[in-house]
Amino acid sequence: MSEKKNPEYDFKWCPGCGDFGVKKALEAAIKKKTIETEEPILNNVIVAGIGCSGNMVHLLEGEQPYGFHGLHGRTLPVAMGLKSSRPELNVTVVAGDGDFLSIGAEHIAPQAKRNLDVCVVIMDNAVYGLTKGQSSPTSAEGMITSSTPYGKTEVGFDPLAHYLSLGVSFVASGLSSKIKDLSELIYQGMIHPGFSIVHVQSPCTEYNNTYEILKGNIKKGIEPLAKPIDVSHNPNDLKQAIEVISTPGIPLGIIYQSKDEPTLAQKYENLINKSKQKDFETLLNSYSI
Ligand SMILES: Cc1ncc(C[n+]2csc(CCOP(=O)(O)OP(=O)(O)O)c2C)c(N)n1
Ligand code: SF4
Ligand SMILES: [Mg+2]
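## Some words on the pairing of strand S10 (residues 250–257)
Extensive coverage of S10 is indicated by the burial of 6 of its 8 residues. Relative to S10, strand S7 (residues 170–175) is paired through 4 bridges, and the arrangement is antiparallel. Its bridge partner being in S10, Phe 170 is matched across the sheet by Gln 257. What joins strand S9 (residues 226–228) to S10 is helix H8 (residues 238–246), and the crossover it makes is right-handed.

## A look at the coordination of the magnesium ion (ligand 3)
Distances from the magnesium ion (ligand 3) to its protein donors, Asp 97 (OD), Asn 125 (OD1) and Val 127 (O), fall at 2.1 to 2.2 Å. Sequence spacing among the residues donating to the magnesium ion (ligand 3) works out to D-x27-N-x1-V. Both residues of the pair, Asn 125 and Val 127, belong to the buried class.

## With respect to the site of ligand 1
If you check the shell around ligand 1, you find 16 residues, and the closest are Cys 52, Ser 53, Asp 97, Asp 99 and Gly 129. Interatomic distance of 2.8 Å between a side-chain N/O atom of Asp 97 and an oxygen atom of ligand 1. Residue Gly 98 places a main-chain N or O atom 2.9 Å away from an oxygen atom belonging to ligand 1. Here ligand 1 has 590 Å² of accessible area as a free molecule, and 72% of this is covered by the chains. The set of elements that each furnish at least two residues to the shell around ligand 1 consists of helix H3 (97–103) and strand S5 (127–128). With 4 residues, the top contributor of residues to the shell around ligand 1 is H3. Split by residue class, the shell around ligand 1 holds 6 nonpolar, 8 polar and 2 charged.

About the criteria used
Residues numbered from 1 in each chain as written. Chains lettered and ligands numbered in written order. Predicted model: local features only at pLDDT ≥ 70, side-chain atom pairs only at ≥ 80, totals over all residues. Heavy atoms only, no water. Buried < 20%, exposed > 50% of the residue type's maximum accessible area, 1.4 Å probe, protein only. Helix = DSSP H or I, 4+ residues; strand = E, 2+ residues; numbered from the N terminus. Pairing = 2+ DSSP bridges. Right-handed = clockwise from strand over helix to strand, strands pointing away. Donors = N, O, S within 2.8 Å, 3.2 Å for Na, K, Ca; no water. Near = heavy atom within 4 Å. Polar contact = N/O pair within 3.5 Å; in protein donor to acceptor, adjacent residues only side chain to side chain. Areas by Shrake-Rupley, 256 points an atom, 1.4 Å probe, with all protein chains shown as cover. Nonpolar A, V, L, I, M, F, W, Y, C, P; charged D, E, K, R; others polar.

From the geometry alone we can't say anything about function, so treat these as descriptive.
Structure (structure tokens):
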């Protein structure tokens with residue numbers, strides 16, 4: 001717990017790194033939630049993975065949430081432990097595309113199926129930034145990186161389609177430079193009762209600078225790849241969500257949000273209500289063959 005930035009831990013992102021925008025958006029979302037719920041900021045825990053994106057664990061300059069900077073790829077098991085023991089905490093997971101979709105990929109499906117009530121914010125720069133720009137699951141086929149000098153052989157992974165196929169109950173897509181919109185998406189993910197993922201395009205200026213492709217450039221006649229989802233979209237309709245992600249380009253906004261799905265905490269509560277208290281003798285006898 002700390003009320004000030006930890007002076008012993010300092011880190012530097014490269015100038016222009018998309019993660020700066022995500023940090024601002026996340027801080028604003030936490031502030032909004034604490035004001036609206038009148039909960040102390042210390043009811044928030046940020047669980048981070050390892051990567052440049054993992055430094056997001058160090059948030060506000062003043063009063064700040066708890067932070068857990070854990071192992072590469074293991075943000076979700078930590079988040080589940082936290083929510084299982086302290087369900088009242090607002091747990092936000094922050095991770096990179098490598099951390100979440102490569103080494104940590106096996107953890108997404110179980111938490112989606114449990115509907116673990118945490119909000120996950122993914123900073124996707126389509127490379128392993130911290131370790132100097134190797135290819136990641138979301139790097140496009142043919143992309144030249146430090147680990148694929150002649151072009152990546154695998155087809156780029158589609159995270160949004162993956163989340164929908166796993167039944168993630170809230171799926172949103174954002175852009176790091178659109179801080180206000182992104183903050184609202186993160187806030188909506190936080191108040192959604194269940195497993196929410198806000199997948200953010202967060203360019204790496206050092207190894208994969210995609211700002212121009214994502215935002216477009218009128219002078220050069222480059223159309224933006226990332227565009228807001230049409231206002232007529234109904235996020236509660238899975239068919240419409242699939243249509244949105246099947247349209248060329250990167251959709252920005254809430255893609256899907258299921259309604260009335262029980263969270264893991266509610267499922268636990270049902271189990272506890274169903275289970276009958278046994279006295280010691282009955283319990284012991286139940287184990288005898
Ligand atoms: C078990 C383990 N394997 C590998 C590493 C080395 N490593 C640290 S960060 C990282 C990839 C980070 O990529 P990403 O999650 O996309 O984060 P970014 O730096 O791009 O934000 C790797 C492979 C590690 N720390 N631990
Ligand atoms: S290497 Fe890339 S992701 Fe890491 S801080 Fe620099 S710009 Fe950001
Ligand atoms: Mg990355």
